[in-house]
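Coordinate analysis (summary)
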Amino acid sequence: MNSSDERRVGAGQISAALAALAAEPVADSEKLREEPREHRLHLLGSLLAKTELEITAGTRLSEEDEIEDVLETSLGWREQLGEDPGVAVNVLTNRLQRTALQVCEPDDEDLPPGREAAFAAVMTAVYALSAQLHAERGDTEGTRHALSGAEEALIDILHGMHDLRVAIGDAPAQEDEADS
């Protein structure tokens, strides 16, 4: 068992933490018996959301003080992660992937251009981190694949930004550009 398995928190402990924060989700006892891993991840997601809401509520919204609050939060985050840079990158990548999903909202077929650009920006970061990890491991093919994803996402950022400029009248639509 590695050190991360030794520190794993069980579903009961997560539920107790959520209850203490008055944020425990409705328990589905059938799902708990059939899918304990998914239930645990669902509970961790609930705890993460409650934590992020508490951080947001506790962060001062003035330019002079806000950065101090963010830094204090980051110090607590780093204390829990320890000194392993690989773990930090994995945590960051997971956070970026969650952010990308939150930006695109799974029910949306067509994202507004600004959200599409934001989604692509987050995915560019995910791919860039992945490319660096593959490069550090000497995995040339994995690095190439991740770089291709980053390049495609960069193109999507530019398209989304251009479409948003078109929407506010700052740029001509692509059909108008072809006519010129």
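This is a predicted model, so every value here is computed, not measured. (Residues numbered from 1 in each chain as written. Predicted model: local features only at pLDDT ≥ 70, side-chain atom pairs only at ≥ 80, totals over all residues. Heavy atoms only, no water.)

**What to know about the overall build of the protein chain**
Convention followed: Each helix is a run of DSSP H or I of at least 4 residues and each strand a run of E of at least 2, with the numbering of both proceeding from the N terminus. The buried label goes to any residue with under 20% of its type's maximum accessible area, the exposed label to any with over 50%, and the partly exposed label to all in between, with areas taken from a 1.4 Å probe on protein chains only. The protein chains shown are the only cover counted for residues, whose accessible areas, like all others here, come from Shrake-Rupley with a 1.4 Å probe.
A count of helices and strands for the protein chain gives 9 helices and 0 strands. Helices and strands appear in the protein chain in the N-to-C order α-α-α-α-α-α-α-α-α. Looking at the 180 residues of the protein chain, the share that counts as buried comes to 19%. Summed over all atoms, the accessible surface of the protein chain reaches about 13,000 Å², with 54% contributed by carbon and sulfur.

**Remarks on the pattern of salt bridges**
Definition in use: Whenever a carboxyl oxygen of Asp or Glu lies within 4 Å of a side-chain nitrogen of Lys or Arg, that contact is scored as a salt bridge.
For the structure on display, the rule yields 3 salt bridges. Of the charged contacts in the structure, one is a salt bridge between Glu141 and Arg144, with a shortest N-O distance of 3.6 Å. Of this pair, Glu141 and Arg144 are both found in helix H8 (residues 140–167), 3 residues apart, which corresponds to roughly one turn of the helix. Comparing Glu141 with Arg144 shows no difference in burial state: the two are exposed. Here Asp170 ties to Arg165 by a salt bridge, and the two come within 3.2 Å at their closest N and O atoms.

**Overview of H8**
Operational definition: Expected span, for any helix, means 1.5 Å times one less than how many residues it has. Polar contact criterion, stated in full: a pair of N or O atoms within 3.5 Å, where within protein one must be able to donate a hydrogen and the other to accept it, and residues adjacent in sequence count only if both atoms are side-chain atoms.
Here H8 contains 28 residues, and its C-alpha end-to-end distance of 40 Å stays within 8% of the 40 Å for a straight helix at 1.5 Å per residue. The complete set of buried residues in H8 reads Gly142, Thr143, Ala146, Gly149, Ala150, Ala153, Ile157, Gly160 and His162. The N-cap residue of H8 is Asp139: its side-chain oxygen and the backbone nitrogen of Glu141 are 3.4 Å apart. Gly169 sits one or two positions beyond H8 and adopts a positive phi of about 85°.

**Some thoughts on the side chain of Thr143**
With respect to the helices, strands and loops of the structure, Thr143 is situated in helix H8. In this structure Thr143 comes out as buried when scored by relative accessible area, which is 14%.

**Some remarks on the side chain of Asp69**
Put simply, the rule is: A contact between two residues is defined here by any heavy atoms of the two lying within 4.5 Å.
Inspection of the secondary structure assignment puts Asp69 in helix H5 (residues 63–81). Those residues in contact with Asp69 that lie beyond four places of it in its chain are Gly58, Thr59 and Arg60.

**Considerations on the confidence of the model for the protein chain**
What counts, and what does not: Confidence of the predictor at the level of single residues is given by pLDDT, which spans 0 to 100.
For the protein chain, mean pLDDT is 82; residues scoring 70 or higher make up 84% of the total. Mean pLDDT per element in the protein chain: helix H1 (residues 3–6) is the minimum at 53, and H8 is the maximum at 96.

**Regarding a negative patch on the surface**
The condition that has to hold: Patches draw on residues past 30% relative accessible area with no salt bridge. Two like charges within 9 Å are joined, as are two nonpolar side chains (Val, Leu, Ile, Met, Phe, Trp, Tyr) within 5 Å. Counted as positive: Lys and Arg. Counted as negative: Asp and Glu. His and the chain ends are not counted at all. For the purpose of locating charges, the reference atoms are NZ of Lys, CZ of Arg, CG of Asp and CD of Glu.
Residues Glu109, Asp110, Glu116, Glu151, Glu152, Asp156 and Asp163 make up a contiguous surface patch of negative charge. Sort the elements by how many residues they give to the negative patch and H8 lands first, with 4 residues. Here Glu152 lies in helix H8.

**As for the nonpolar core**
Operational definition: Remark: nonpolar core denotes a set of buried residues (Ala, Val, Leu, Ile, Met, Phe, Trp, Tyr, Cys) joined through side-chain atoms within 4.5 Å.
Leu96, Ala100, Val122, Met123, Val126 and Ala153 together form the largest nonpolar core, which totals 6 residues. Taken together, the elements giving at least two residues each to this core come down to helix H6 (85–104) and helix H7 (113–136). Sorting elements by how many residues they give to this core places H7 first, with 3 residues. Leaving out residues up to four positions away in the same chain, Ala153 has contacts with Ala120, Met123 and Thr124.

**What to know about H7**
Here H7 contains 24 residues, and its C-alpha end-to-end distance of 34 Å stays within 8% of the 34 Å for a straight helix at 1.5 Å per residue. Turning to H7, its buried residues are Ala117, Ala120, Val122, Met123, Thr124, Val126, Ala131 and Leu133. Considering only its buried residues, H7 is in contact with H6 and H8. Trailing H7 by a residue or two, Gly138 shows a phi angle of about 80°, which is positive.

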